[in-house]
Amino acid sequence: MIKVAPHLTAILAAMTLHAEELPPILINGYAEFGPEQSRAEACDQALNDAKYSALRKQYGEEFGQNAVLACDDSIQRETGNDCEIFESTWSLLNANGFIKEIRQVEAPKITQKLGLSVCKVTAYITIEEYEGKPDLSFETQLKVLQGTNLRLTDKPVLEIVSNKPGFHYVYHWAPFVDAKNYHKLFPNALDIQTEKTNRLRIPTGKATQNYNFHLSLPEDTQVSNEYLILISSKAPIDAPPDRIREATFFRWLKSFDRDQWTQSTFSYRVLGEPELDHSGLK
């Protein structure tokens, strides 16, 4: 988990609702699984596949390329973990809309395929769009300078680049630590932004005292897939919440004029030390 030290207290913001609900989309989701994975886990993945497919159907394949896939050869070599897809409505957050409701029309079905089991989920998925038109010329991007695979000893530095000057707000989601909430990393009690800018490094160097972002892992865990959400706004946002639940986050965004903000996401992994083998050697 990435967090600011010292600890920041949490506040909530008042919100209003303005959005358009689209007709439900009937969609299927699938997930293959073997004996090492439970049926329940596979069917959760199948439901995530259905959510992903519904938004891809609504917004096109280009959006689909931004889905969160926590899997590559390097993570398997370093940790021995199998590939994981950790998808939530967060990973489906985009500039157009989000999933509001999922209604499964029947129980998941399990079939056999080439020695594997397949879970099929069928559901009506309702997408809610933000009201108003986004400013398509307003783009922003967030990254961690140390890359996407971080060690516990790293002190991450965040870099924001936008094509128009704006005020920038970074939220953090660590699903293996706190799946229900997003936590604000910037601005914070030590480090604020007072003027518009199209380029920002965090920590900024203008903080009231020096600080770093610290990484941690849940107990008995060697890897944590985590995510950053950047909201860039043409005007300063009054009292952005320090901690906010996922569903409330969408409502919070809906309270702002759609042409005033844009967003970007960044996924990374926190890696622990390699585990000892039975001989006690790394």
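Look up a bit, the structure's there.
Please read all numbers here as calculations on a predicted model, not as lab measurements. Each chain carries its own residue numbering, running from 1 in the written order of its sequence. The model is predicted, so local features are restricted to residues of pLDDT at least 70 and side-chain atom pairs to those at 80 or more, both for listing and for counting; the totals for chains, interfaces and linings are taken over all residues. Based on all heavy atoms of the structure, the side-chain values leave hydrogens and waters out of the count.

(A) Just the overall build of the protein, in detail. Helix and strand definitions follow DSSP, with helices as H or I runs of at least four residues and strands as E runs of at least two, each counted in order from the N terminus. Tallying secondary structure elements over the protein gives four helices and 15 strands in all. Looking at the protein as a whole, 45% of its 282 residues are labelled buried. Accessible area for the protein stands at about 15,000 Å²; split by element, carbon and sulfur atoms hold 48% of it. Buried, partly exposed and exposed residues are distinguished by accessible area as a fraction of the type maximum, computed with a 1.4 Å probe on protein chains only: under 20%, between the cut-offs, and over 50%, respectively. Only the protein chains shown count as cover for residues, and the accessible areas themselves come from Shrake-Rupley with a 1.4 Å probe.

(B) A look at the packing of aromatic side chains. Pairing of aromatic rings covers Phe, Tyr and Trp, the last through its six-membered ring, and needs centres within 6.5 Å; plane angles under 30 degrees mean stacked, over 60 mean edge-to-face, and all others mean tilted. In total, this model carries nine aromatic pairs according to the counting rule given. Judged by centre distance (5.0 Å) and plane angle (90°), the rings of Tyr182 and Phe249 are edge-to-face. Placement of the pair is Tyr182 in strand S10 (residues 181-186) and Phe249 in helix H4 (residues 246-254), with a sequence separation of 67 residues. Neither Tyr182 nor Phe249 differs from the other in exposure class; each is buried. Ring pairing ties together the aromatic residues Tyr171, Trp173, Tyr182, Tyr227, Phe249, Trp252 and Phe256, which thus form one cluster.

(C) A look at the state of the cysteines. Two cysteine sulfurs form a disulfide in these notes if their separation is within 2.5 Å. By the definition in use, this model includes one disulfide. With its sulfur 2.1 Å from that of its partner, Cys43 forms a disulfide with Cys119. What sets the handedness of the Cys43 and Cys119 disulfide is the S-S torsion sign, and at about 110° it is right-handed. Of the two residues, Cys43 is situated in helix H1 (residues 39-59) and Cys119 in strand S6 (residues 116-130); the sequence distance between them amounts to 76 residues. Overall, the relative accessible area of 10% leaves Cys43 in the buried class.

(D) Inspection of unusual backbone geometry at higher detail. The omega torsion of the bond from Phe186 to Pro187 falls at -5°, within 30 degrees of zero and hence cis. Structurally, the position occupied by Pro187 is in the loop between S10 and strand S11 (197-202). Going from Ile202 to Pro203, the amide bond is cis rather than trans, its omega being 0°. Inspection of the secondary structure assignment puts Pro203 in the loop between S11 and strand S12 (213-215). Despite not being glycine, Asp220 shows a phi value in the positive range, around 65°. The topology assignment puts Asp220 in the loop between S12 and strand S13 (223-233). We classify Asp220 as exposed; its relative accessible area is 77%. At Ala239, a residue that is not glycine, the phi angle is positive and equals roughly 50°. Of note, Ala239 is situated in the loop between S13 and strand S14 (243-245).

(E) Seen up close, the nonpolar core. Counting 21 residues, the largest nonpolar core has Leu142, Leu158, Val170, Ile202 and Leu228 as the members making the most contacts within it. Of all the secondary structure elements, the ones that give two or more residues to this core are strand S7 (140-144), strand S9 (158-173), S10, S11, S12, S13 and strand S15 (261-271). Residue types Ala, Val, Leu, Ile, Met, Phe, Trp, Tyr and Cys, when buried and joined through side-chain atoms within 4.5 Å, form a set referred to as a nonpolar core. In terms of nonpolar packing, the next biggest core, distinct from the first, is built from 17 residues, Tyr182, Ile237, Phe250 and Trp261 among them.

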